[in-house]
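Secondary and tertiary structure notes
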Amino acid sequence: MMRIVLLLLSAVTLSTSLQIRAGQRIAGVNQITSFDASNQPQYSLSASEARELCWSLGQSIASKAQVQEALLQGLETCRFGWIDEHFVVIPRISPSASCGKNKTGLVEWRTSVTQKFDVFCFSEPDTVTQLKDAMADSPLTTRAYPKRAGRPSEAAPSTSKTQRSPPSPPPPSPSLRPVTVSSSEVLPSSQDGAEMEAEASQFMSSAQGSFRVPTKTLLIAVTGALLLLIIAVLGYGSLSRSCFVSWDVRLQEEHMETEEWTCMEYATEPLEDAAEELSIEVDDDQRSVS
C-alpha cells in the first residue's frame, strides 16, 4: 500500500514540474519524454524513477529484446532511454552524427543508474489486446469460464430481439450403452502384485543362472586349452632334447671310429717296414752262402 502511495506521489510531483509525453508506440514500445515549461525535452528520470513511471502509467519498463523488436519494425529515436537491464539505449535505423555517435542498430550506453534519461515503456500491442478480448468473448471460452462484469461487449442482449431456444439433443441410441469399469478390474490386488513380484524375482534369478553357465563353460574351456598348450610345449622340449642327445652320441661314435682307424693305420706301417727289412736280410744271407 505504501509503495502505491509513493508511486502516485512521485507521478504527481513529476507532472507538476514537468510535462510527460509519450512517443509513437511500435510493437508495444514507446519512449516517455519529459518537457519543461518552455516545451523543451529534458532528461529527468533515473533508473528507479523510470521503472516507477512506467508502472504508474499501467505499463512495464521495456526489455532489450522488446526494444530490439520495435527497432526492427521501424522504431527510431534520438534520445537515450532506460530499459529493464539498467542501461540506456537509442534505437537507430540510419546513422547520424548527433544521435548515437553515428551508429546504427540498438546503441547501448552503460552508465550510473542515478543519471537522468528518458524511459522506454512496454505494453501489449492493440492487436494482442483485441485478440485476447475476442477470445474472452467467444462462445468457446464463455462456456467454460464465467464472464467478468463491466465489459461493454458482455452486456445483456436487447429484449426486442427474439431469442431462439437451443435445439434439443438427439435421443441416445439404444445400441450404445455406458460401460462401467470397476477399480478392481483395472488395478491389481495386493495378492496379484505379490505374485507378480515373486514371478519377476524368479525370472531374474533364472536369468542370472542362465548367464552364469556360459561363464563357467568358458573358464573350463580356457583352462583345458592352457593345459594342452603346456603339455605340447613340454613334449616338444623333451623331444628336441632327446634328438640333440642322440645326435651328439652319433657324432661321438663317428669320431671314435675315425680315431681307431687312424691308430690301426699308424700301427701297421712299422710292421710292414720290419717285414720288408727282414726279407731283404734273408735274401742277402742266401746270396752270400751260395
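Below or above, wherever it landed, is the structure these notes cover. (Residues numbered from 1 in each chain as written. Predicted model: local features only at pLDDT ≥ 70, side-chain atom pairs only at ≥ 80, totals over all residues. Heavy atoms only, no water.)

Take the state of the cysteines next. Applying the stated criterion across every chain, the model contains two disulfides. With a sulfur-sulfur separation of 1.9 Å, Cys-54 is cross-linked through a disulfide to Cys-121. Note on the Cys-54 and Cys-121 pair: the S-S dihedral is about -80°, so by sign convention the disulfide is left-handed. You can see Cys-54 sitting in helix α2 (residues 47-56) and its partner Cys-121 sitting in strand β8 (residues 118-122), a full 67 residues away along the chain. The residues Cys-54 and Cys-121 share a single accessibility class, namely buried. Two residues share a disulfide in this structure: Cys-78 and Cys-99, whose sulfurs sit 1.6 Å from each other. Between Cys-78 and Cys-99, the disulfide has an S-S torsion of -85° and is therefore left-handed. Taken together, the residues span a long stretch of sequence, with Cys-78 in the loop between α3 (64-72) and β5 (81-82) and Cys-99 in the loop between β6 (88-92) and β7 (105-109) at a distance of 21 residues. (Disulfide = S-S within 2.5 Å. Helix = DSSP H or I, 4+ residues; strand = E, 2+ residues; numbered from the N terminus. Buried < 20%, exposed > 50% of the residue type's maximum accessible area, 1.4 Å probe, protein only.)

Once that is clear, we can look at a negative patch on the surface. Taken together, the side chains of Glu-272, Asp-273, Glu-276, Glu-277, Glu-281, Asp-283, Asp-284 and Asp-285 present a region of like negative charge at the surface. Residue position: Asp-273 is located in helix α7 (residues 190-289). Judged by relative accessible area, which is 44%, Asp-273 ranks as partly exposed. (Patch = residues over 30% accessible without salt bridge, like charges linked within 9 Å, V, L, I, M, F, W, Y side chains within 5 Å. Areas by Shrake-Rupley, 256 points an atom, 1.4 Å probe, with all protein chains shown as cover. Salt bridge = Lys/Arg side-chain N within 4 Å of Asp/Glu carboxyl O. Lys, Arg positive; Asp, Glu negative; His and termini not counted. Charge placed at Lys NZ, Arg CZ, Asp CG, Glu CD.)

This is a description of form; function is not addressed.
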